[in-house]
Amino acid sequence: MISILISVDEETRIALLEEGYLVEFFLERPWAKDIVGNIYKGKVERVLPGMGAAFIDIGIEKNGFLPLKDLGGKSLRIGDEIVVQVSREGRDLKGPRLTTKITIPGHYLLILPDWGKIGVSRRITKPSERKRLRKLIADSLSSGFGAVVRTAAWGEEEEVILEELSELLSLWSGIMEKFYSLPAPSLLYSEPPLIERVLRDWFSPEVKDICSDSLEALEGARKTIEKWSSSGSAVEFVYHDLPGISLFEAYGVEKELDMLLSRRVPLLCGGEIVIDRAEALTVVDVNTSSFVGGKSFEKTALRTNLEAAREIARQLRLRGIGGIVIIDFIDMKSERNRELVLKELSSALKRDKRDVEICSFSPLGLLELTREREGPDLVEKLGMTCPYCGGRGWVLNEETLLMDIKRRLRKFLTSNTAEEIEIVVNPAIKRRLEELRPEWEKAYHRKIRIVEDAHLPFEAFKLRAV
């Protein structure tokens, strides 16, 4: 059973709960619109064969990055005007990643102009249903177009699916009309607001209720779902207006969100997983922590690893982690037990809408998987680089910092004859310096004043003559 929670105030937040557990979280802020999925008429600014890329002006601050392999052998020249779609948001100093393989998404179908093939979601497992849907689209799709039938089409009436197909083809026709009439760069198509996108991509017969603290959002959700035949007739729409408690607090979601920036995630058995993000990959370590288990360590390890596998699958979805993920499960001697853990992880990831590829255990006992990226993960959206450590994940300890201050002070005094010196530091280190001040004043024959500045990073300090 799936519940969809929609909270609307200055920002829109949507939570998906499966059997009461938070598994997906979406966030949209009016001042920071997501551009993934938007389609632009772009202008080629640079072509760099050595990098296998072209840089395209799409009318935003940074040029987009287009891999040349997307072009299928076609050549580009500076000044060319092309249709591109944002496939991934930019990170750090990089612009967004672009593609020429355009996708127009609907609830039941994805339209792929110029692809020429028809695919059916792997989650539609019944052979007769796959055959029915493939034939329906093949008989109705214009020549040269491709399509992917989404899971939501399983069992749906043909008239409803064909109606959406017609709408998507009409949408593409309008996009091309804009391409030929507007200058480059121009926005040709913008993805709908967050609530509509989430319902389009996630609504299914498994959704039992939609709850919101906004009557307007609730009515909008109702109208969106009504377009999809009778599939929304069993959904309960609930307006949350309890005084003194927010929607997310009532469902325990706020507490879960508070933990999303934490490295450590506790397991019910007493173990834990530790998630560390690096530039190139994400590393997940599994520990027994306070879980001592029974007489057999192998059984303790297996139980912890099985629970960790389920939680890791949830955290990957919840945090939006993409790219390479390395998992260090607790070492087990039994090959059968390792297979059980691998099977549990695979099963838990079946509900993931992003493409996930799992490798077997390496000779060192590490498990590697890759998960499709879709823009910044949740930590990047909710957090920022630590102003104290600059993203390293550590700072100098007190003893090291105090010795550094002392060395710098000695050097400062060799070129300065002032009778009084100020040492400006972060408040966290002031107490230790006050303890050392009498000793330093006696050694250097100068008066020393310790001044705190809360704006200084922990490692930073200033020396100045008074």
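Residues numbered from 1 in each chain as written. Predicted model: local features only at pLDDT ≥ 70, side-chain atom pairs only at ≥ 80, totals over all residues. Heavy atoms only, no water.

Student: Would you mind showing me how to read the overall build of the protein here?
Tutor: Looking only at helices and strands, the protein features eleven helices and 24 strands. Here the C-alpha coordinates of the protein stretch approximately 95 × 70 × 55 Å along the principal axes. With 466 residues in all, the protein has 45% of them scored as buried. Accessible surface, the protein as shown: approximately 25,300 Å² in total, 51% of it carbon and sulfur. Here the protein carries 70 positive and 75 negative side-chain charges, and the mean point of each set is 5 Å from the other. (Helix = DSSP H or I, 4+ residues; strand = E, 2+ residues; numbered from the N terminus. Buried < 20%, exposed > 50% of the residue type's maximum accessible area, 1.4 Å probe, protein only. Areas by Shrake-Rupley, 256 points an atom, 1.4 Å probe, with all protein chains shown as cover. Lys, Arg positive; Asp, Glu negative; His and termini not counted. Charge placed at Lys NZ, Arg CZ, Asp CG, Glu CD.)

Student: I keep staring at helix 2 (residues 158-181) and nothing clicks. Help me out?
Tutor: Helical geometry note: an α-helix holds 3.6 residues per turn, so side chains three or four residues apart project in the same direction. In this model helix 2 runs 35 Å from its N-terminal to its C-terminal C-alpha over 24 residues, within 8% of the 34 Å that 1.5 Å per residue would give. Taken residue by residue, helix 2 has Val-160, Ile-161, Glu-164, Leu-165, Leu-168, Leu-169, Trp-172, Ile-175, Met-176 and Phe-179 as its buried positions. Tucked inside the fold, the buried residues of helix 2 contact strand 4 (39-48), strand 7 (81-88), strand 9 (104-105), strand 10 (109-112), helix 1 (127-140) and strand 13 (186-189). (Expected span 1.5 Å × (residues − 1). Contact = heavy atoms within 4.5 Å.)

Student: What is the right way to read the environment of Ile-175 from this model?
Tutor: Tracing the backbone through its elements, the reader meets Ile-175 in helix 2. Given a relative accessible area of 1%, Ile-175 falls into the buried group. Discounting chain neighbours no more than four positions away, the residues touching Ile-175 are Ile-39, Ile-104, Leu-188 and Tyr-189.

Student: Can you walk me through the sheet that holds strand 14 (residues 207-212) in this structure?
Tutor: Within a sheet, adjacent strands bond to each other through the backbone by hydrogen bonds, running parallel or antiparallel. A sheet is described by the order of its strands in space; here five strands give the open sequence 3-2-1-14-15, paired in mixed fashion. Of all strands in the sheet, those bounded by a partner on one side alone are strand 3 (21-28) and strand 15 (236-239). Each neighbouring strand pair of the sheet contributes to a mean axis angle of 15 degrees, computed without reference to strand direction. Contacting strand 1 (2-8), strand 14 and strand 15, helix 4 (residues 215-226) crosses the sheet at an angle of about 170 degrees to strand 15. Lying over the sheet, helix 7 (residues 297-319) contacts strand 2 (12-18) and strand 3, oriented at roughly 15 degrees with respect to strand 3. (Pairing = 2+ DSSP bridges. Axes fitted to C-alpha atoms, helices over the stretch in contact; angles between N-to-C directions.)

Student: Looking at this structure, how should I read the pattern of salt bridges?
Tutor: Tallying each qualifying case throughout the model produces 33 salt bridges. Across the pair Arg-317 and Glu-24 runs a salt bridge whose closest N-O atoms are separated by 3.0 Å. In this pair, Arg-317 sits in helix 7 while Glu-24 sits in strand 3, placing the two residues 293 residues apart along the sequence. In this structure, Asp-352 and Arg-371 form a salt bridge, with 2.6 Å as the shortest nitrogen-oxygen distance. Of this pair, Asp-352 sits in the loop between helix 8 (335-348) and strand 20 (356-361) while Arg-371 sits in strand 21 (residues 367-371); the two residues are 19 residues apart in sequence, bridging distant segments of the chain. The exposure class assigned to Asp-352 is buried, which follows from its relative accessible area of 2%. Arg-371 gets classed as buried once you look at its relative accessible area, which sits at 3%. (Salt bridge = Lys/Arg side-chain N within 4 Å of Asp/Glu carboxyl O.)

Student: Mind showing me how you'd approach helix 3 (residues 194-202) here?
Tutor: In terms of residue burial, helix 3 counts as a mostly covered element, since seven of its nine residues are buried. Of the positions making up helix 3, those classed as buried are Leu-194, Ile-195, Arg-197, Val-198, Leu-199, Arg-200 and Trp-202.

Student: I would appreciate a short explanation of the packing of aromatic side chains in the present structure.
Tutor: Aromatic rings considered in pairs are described by the distance between their centres and by the relative angle of their planes. Scanning the entire structure with this criterion turns up five aromatic pairs. Residues Phe-55 and Phe-65 carry aromatic rings whose centres are separated by 5.8 Å and whose planes lie at 70 degrees to one another, so their mutual orientation is edge-to-face. You can see Phe-55 sitting in strand 5 (residues 53-57) and its partner Phe-65 sitting in strand 6 (residues 64-67), a full ten residues away along the chain. The ring centre of Phe-179 lies 4.9 Å from the NZ or CZ of Lys-41, which sits over that ring. Sitting over the ring of Phe-237, Arg-222 keeps its end group 4.5 Å from the ring centre. (Phe/Tyr/Trp six-rings, centres within 6.5 Å; stacked < 30°, edge-to-face > 60°. Lys NZ or Arg CZ within 6 Å of the ring centre and 35° of its normal.)

Student: Honestly, the sheet that holds strand 24 (residues 461-465) in this entry has me stumped. Any pointers?
Tutor: Spatial strand order, 23-22-24: three strands in an open sheet with mixed pairing. Two strands close off the open sheet at either side, each with one partner strand: strand 23 (447-452) and strand 24. Neighbour-to-neighbour, the strand axes of the sheet open up by a mean angle of 20 degrees, direction not taken into account. Across the sheet, helix 10 (residues 398-414) lies against strand 22 (420-425), strand 23 and strand 24, angled at about 25 degrees from strand 24, the strand it touches most. Relative to the sheet, helix 11 (residues 427-444) contacts strand 22 and strand 23, its axis offset from that of strand 23 by approximately 175 degrees.

Student: Would you explain the packing of helix 10 against helix 11 in this entry?
Tutor: Geometry of a packed helix pair, given as the angle between the helix axes and the separation of the axes. At their nearest, the axes of helix 10 and helix 11 sit 11 Å apart, and the two run at 40 degrees to each other. Regarding the angle of helix 10 to helix 11, the classification is oblique. With respect to the hand of their crossing, helix 10 and helix 11 are arranged in right-handed fashion. Residue-level inspection shows Glu-398, Glu-399, Leu-401, Leu-402, Ile-405, Lys-406, Leu-409, Arg-410 and Leu-413 of helix 10 in contact with helix 11, the latter providing Ala-428, Ile-429, Arg-432, Leu-433, Leu-436, Glu-439, Trp-440 and Tyr-444. Residue classes in the contact of helix 10 with helix 11 are distributed as eleven nonpolar, no polar and six charged. (Parallel < 35°, antiparallel > 145°, perpendicular 65-115°, else oblique. Left-handed = near helix turned anticlockwise from the far one by under 90°. Nonpolar A, V, L, I, M, F, W, Y, C, P; charged D, E, K, R; others polar.)

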